[in-house]
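# Analysis of the macromolecular model
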Amino acid sequence: MRFAKNLLGYHLVVVFVTAMATAFTPDLAKATAEGEPVPWQMGFQEAATPFMEKLIAFDNMLLWIITIISVFVLALLLYCMVRFNSKANPVPSKTTHNTLIEIAWTVIPIIVLLVIAIPSFRLLYFDRAFPKIDMTIKAIGNQWNWTYEYPDHDSFEFDSNMLKDDELKEGQPRLLSVDNQVVVPVNKNIRVIVTASDVIHNWAVPAFGIKMDAVPGRLNEVWFKATKTGTFYGQCSELCGKDHSFMPIAVRVVSDTEFAAWVVKAKEEFAAAPAGTKVAELVSGAEQSR
Ligand SMILES: [Cu+2]
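Residues numbered from 1 in each chain as written. Predicted model: local features only at pLDDT ≥ 70, side-chain atom pairs only at ≥ 80, totals over all residues.

On to unusual backbone geometry. The step from glutamine 143 to tryptophan 144 runs through a cis peptide bond, and the omega angle for that step is 0°. Relative to the elements of secondary structure, tryptophan 144 occurs in the loop between strand E1 (135–142) and strand E2 (145–150). For leucine 175, which is not a glycine, the phi torsion comes out positive at approximately 70°. Exposure remark for leucine 175: the 14 C-beta atoms within 10 Å place this residue in the partly exposed category. (Helix = DSSP H or I, 4+ residues; strand = E, 2+ residues; numbered from the N terminus. Buried ≥ 20, exposed ≤ 12 C-beta atoms within 10 Å, placed from the backbone.)

Quick look at the structure:
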């Protein structure tokens, strides 16, 4: 019996240690493929922008804080149960106030909240205060695909549709791969103007730390600076109808020269449209027929 108890205790410790190790060192659950989720992934996808790096560091800090608080509260509860149960402590104390403890349990939580609030506001500011933008793209959500425009490059535009299972090539992730990827240059500040033509969608790319609502008749904007080349996947993150889960986002980050070459090809492939018409129409509430 004792052996069984020891074994159970040992097992619980192993489970706890493994869980903690996985939670605190994302490397153990490291994605094999960058920019996309992997089976049994526990942490975030690897960061591909400075903002996401900061976000992950902030999340790790919060994890430490909530773990310490939870363990402390649990320890207090256990201590009370053992020390002050009716058997161990038959005559209860009549104490009702303790000024020192009351000040402590007011001031310490305030300090904890400040420790959380300051980096949190900093992060918000970093995200919302746009740096000098090198390039702008527009992402327009439709039921159920994305349209992209490149206003800085003669406003060519194209639709990005999910590839069906029988269209996938070797190595392309299912439900995330698209026919036309958004292509952007590496290490450049890219602004994404996000809007929609029908219902609310959401342009989200986890590795960039981006999640922005695409609202019809409204222009939202986000920025990112991808510091790694590769393909980064995301999905529409606002319930938008029956094919909500089938309008993925695929962003390919390439070098400057590759980007320049791609723009030349893309301009030919997707015949140029007059600059800005699409968004102007959307804002004035004109219907898009797709
Ligand atoms: Cu959607």
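Right, picking up where we left off after that structure.
Below, the discussion takes up the pairing of strand E10 (residues 248–254). Remark: a regular strand shows side chains that alternate across the two faces of the sheet. Within E10, 5 of the 7 residues are buried, which leaves the element mostly enclosed by the surrounding structure. Relative to E10, strand E4 (residues 182–185) is paired through 4 bridges, and the arrangement is parallel. Looking across to E10, one finds that valine 182 is bridged to valine 251. Sheet analysis places strand E9 (residues 230–235) next to E10, joined by 6 bridges and oriented antiparallel. (Pairing = 2+ DSSP bridges.)

Let us look at the sheet that holds E9. With mixed pairing, the 3 strands of this open sheet are ordered in space as E4-E10-E9. A single partner strand is all that each edge strand has here, and the edge strands are E4 and E9. Sheet twist, expressed as the mean angle between neighbouring strand axes with direction ignored, is 25°. In this fold helix H4 (residues 256–269) packs onto E4 and E10, with an angle of close to 140° to the strand it touches most, E4. (Axes fitted to C-alpha atoms, helices over the stretch in contact; angles between N-to-C directions. Contact = placed C-beta atoms within 7 Å.)

Quick look at the environment of alanine 48 now. With respect to the helices and strands, alanine 48 occurs in the loop between helix H1 (2–24) and helix H2 (50–83). Once the C-alpha coordinates of alanine 48 and lysine 225 are considered, the two residues, 177 residues apart in sequence, prove to be 8.1 Å apart. The residues touching alanine 48, leaving out its near neighbours within four places in the chain, are Gly35, Ala207, Phe208, Ala226, Thr227, Lys228 and Phe232.

Turning next to the confidence of the model for the protein chain. Residues shown with low pLDDT carry predicted positions that ought not to be read at fine detail. Summary statistics for the protein chain give a mean pLDDT of 87 and a share of 82% for residues scoring 70 or more. Note that residues 27–31 has pLDDT below 50 and, in this model, 10 contacts with residues that lie over four places away or in other chains. With pLDDT under 50 throughout, residues 283–290 is counted as low confidence; its partners more than four residues away or in other chains account for 7 contacts. (pLDDT = per-residue confidence, 0-100.)

Now for the environment of serine 155. Counting through the fold element by element, serine 155 comes out in the loop between E2 and strand E3 (156–160). Given 18 C-beta atoms within a 10 Å radius, serine 155 is considered partly exposed. Sequence separation of serine 155 and phenylalanine 270 is 115 residues, and the distance between their C-alpha atoms is 9.8 Å.

Here we come to the sheet that holds strand E5 (residues 190–196). Within the open sheet, the 5 strands sit side by side as E3-E2-E1-E5-E8. Their pairing is mixed. The sheet is open, and its two edges are formed by E3 and strand E8 (220–224), each paired on a single side. Going from strand to strand, the sheet's axes swing by 25° on average, the running direction of each strand aside. Here E2 runs beside E3; their pairing, made up of 5 bridges, is antiparallel. Residue pairing in the sheet places tyrosine 148 in a bridge with phenylalanine 158 of E3.

Once that is clear, we can look at the nonpolar core. Of all hydrophobic cores here, the largest spans 41 residues; its most connected members are Ala139, Trp203 and Phe208. Two domains share this core, each providing at least three of its residues, namely domain 1 (2–128) and domain 2 (135–283). With residues up to four places along the chain from it excluded, the contact list for phenylalanine 208 reads Ala48, Thr49, Met52, Phe224, Ala226 and Phe232. (Core = buried A, V, L, I, M, F, W, Y, C linked by C-beta atoms within 7 Å. Domains from an automatic or database assignment.)

You can see asparagine 161 is positioned in the loop between E3 and E4. Among the residues examined, asparagine 161 registers 16 C-beta atoms within 10 Å and is labelled partly exposed. Distance in space between the C-alpha atoms of asparagine 161 and asparagine 180 is 7.0 Å, their sequence separation being 19 residues. Ignoring anything within four residues of it in the chain, the contact list for asparagine 161 reads Asn145, Val178 and Asp179.

Here the focus is the packing of H2 against helix H3 (residues 99–128). The interhelical angle for the contact between H2 and H3, taken along N-to-C directions, is 170°, at an axis separation of 11 Å. One way to sum up the angle between H2 and H3 is to call them roughly antiparallel. Touching Phe51, Lys54, Leu55, Phe58, Leu62 and Ile65 of H2 are Val112, Ile116, Pro119, Ser120, Leu123, Phe126 and Asp127, all from H3. Its residues assigned to classes, the contact of H2 with H3 comprises 10 nonpolar, 1 polar and 2 charged. (Parallel < 35°, antiparallel > 145°, perpendicular 65-115°, else oblique. Nonpolar A, V, L, I, M, F, W, Y, C, P; charged D, E, K, R; others polar.)

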